[in-house]
Amino acid sequence: FHVHLAASMAQLGFKPSVADRCCFIRGVGDKRVIVTAHVDDLLVQGAKSEQDIFKDQLASLYEINSQTGDQLSYIGLDIVKKGHDYQVSKKGYCAELIARFKPETKKIVRAVKTPATPALNDPSVPDGVPVDKSKFLSVVMSLMYLARLT
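Since the structure is predicted, the reported quantities are computational estimates derived from the model, not experimental observations.

Observations concerning the layout of surface pockets
And step 1. Put simply, the largest pocket is a space of about 1,200 Å³.
And step 2. Elements supplying a minimum of two residues to the lining of the largest pocket: β4 (41-46), α2 (48-61), β5 (71-74), β6 (77-82) and β7 (85-89).

Focus: the packing of helix α3 (residues 91-101) against helix α4 (residues 133-148)
Helix packing for two helices is described by the angle between their axes and how far apart those axes are.
And step 1. Where α3 contacts α4, the axes come no closer than 11 Å and their chain directions differ by 170°. By the criterion of interaxial angle, the relationship of α3 to α4 is roughly antiparallel. From α3, Tyr-93, Cys-94, Leu-97, Arg-100 and Phe-101 reach across to α4, where they touch Lys-135, Ser-138, Val-139, Ser-142, Leu-143, Tyr-145 and Leu-146.
And step 2. For the contact of α3 with α4, the residue count by class is eight nonpolar, two polar and two charged.

Overview of the confidence of the model for the protein
And step 1. Per-residue pLDDT for the protein averages 81, and the proportion of residues at 70 or more is 79%.
And step 2. For the protein, the element scoring lowest by mean pLDDT is β5, at 79; strand β2 (residues 23-26) scores highest, at 96.

Description of the pattern of salt bridges
And step 1. Applying the stated criterion across every chain, the model contains three salt bridges.
And step 2. For Glu-50, the salt bridge identified is with Lys-31, shortest N-O distance 3.5 Å. Separated by 19 residues along the polypeptide, Glu-50 in helix α2 and Lys-31 in the loop between β2 and β3 (33-38) bring together distant segments of the chain.
And step 3. For Asp-52, the salt bridge is made with Lys-48, and the minimal N-O distance between the two is 3.0 Å. Here Asp-52 and its partner Lys-48 are both found in helix α2, four residues apart, which amounts to about one turn of the helix.
And step 4. Judged by relative accessible area, Asp-52 falls into the partly exposed class, the value being 30%.
And step 5. What makes Lys-48 exposed here is its relative accessible area of 59%.

Comments concerning the pairing of β4
And step 1. Strand direction decides the pairing type here: β3 and β4, joined by six bridges, are antiparallel. For Thr-36, the partnering residue across the bridge sits in β4 and is Leu-43.
And step 2. Between the end of β3 and the start of β4, which pair antiparallel, lie two residues, with Val-39 showing a positive phi angle near 55°.

Considerations on the nonpolar core
And step 1. Membership of the largest hydrophobic core is limited to 10 residues, which are Leu-5, Met-9, Leu-12, Phe-14, Phe-24, Val-33, Val-35, Ala-37, Phe-54 and Leu-58.
And step 2. Residue assignment for this core shows that the elements contributing at least two residues are α1 (2-11), β3 and α2.
And step 3. The greatest single-element share of this core, amounting to three residues, is contributed by β3.
And step 4. Leaving out residues up to four positions away in the same chain, Val-35 has contacts with Met-9, Phe-14, Cys-22, Cys-23, Phe-24, Leu-42, Leu-43, Val-44 and Phe-54.

Conventions adopted
- Residues numbered from 1 in each chain as written.
- Predicted model: local features only at pLDDT ≥ 70, side-chain atom pairs only at ≥ 80, totals over all residues.
- Heavy atoms only, no water.
- 1 Å grid on protein atoms, 1.4 Å probe; cavity = no way out; pocket = protein on both sides within 12 Å on 5 of 7 lines; lining within 4 Å.
- Points joined across faces, edges and corners; volume = space filled by probe spheres on them.
- Helix = DSSP H or I, 4+ residues; strand = E, 2+ residues; numbered from the N terminus.
- Axes fitted to C-alpha atoms, helices over the stretch in contact; angles between N-to-C directions.
- Parallel < 35°, antiparallel > 145°, perpendicular 65-115°, else oblique.
- Contact = heavy atoms within 4.5 Å.
- Nonpolar A, V, L, I, M, F, W, Y, C, P; charged D, E, K, R; others polar.
- pLDDT = per-residue confidence, 0-100.
- Salt bridge = Lys/Arg side-chain N within 4 Å of Asp/Glu carboxyl O.
- Buried < 20%, exposed > 50% of the residue type's maximum accessible area, 1.4 Å probe, protein only.
- Pairing = 2+ DSSP bridges.
- Core = buried A, V, L, I, M, F, W, Y, C linked by side-chain atoms within 4.5 Å.

Okay, structure coming up:
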């Protein structure tokens, strides 16, 4: 998809950044627009009039959904503009993780061993607790994503 997007961005007059091939730049000064891409999610920065021009151009090539305003959500990030400053957090993503992986009971019995423990599913081991390995890996990878991008 990146090759296709890069070709479309070039068609619209954008050049890829030397520092990051997922960042595209067009114009200078008040006419400058910077677009960062994560797969098919784009974050557009620049004067509102230039953003609107880009949005119309992009809509002629793709079906698009867009967010505008001072509060945006982008790849799990909550972005809030306050004056000239931006606050970025992952409150929404954290809430989603808690809802998705919430324990079935509120009572915590004891710490559970990781699936890597050979005795985990051995019924002869008194505190061997069966664990859904797929769910365990999903929790671990989600937490790694959270920690890495925070």
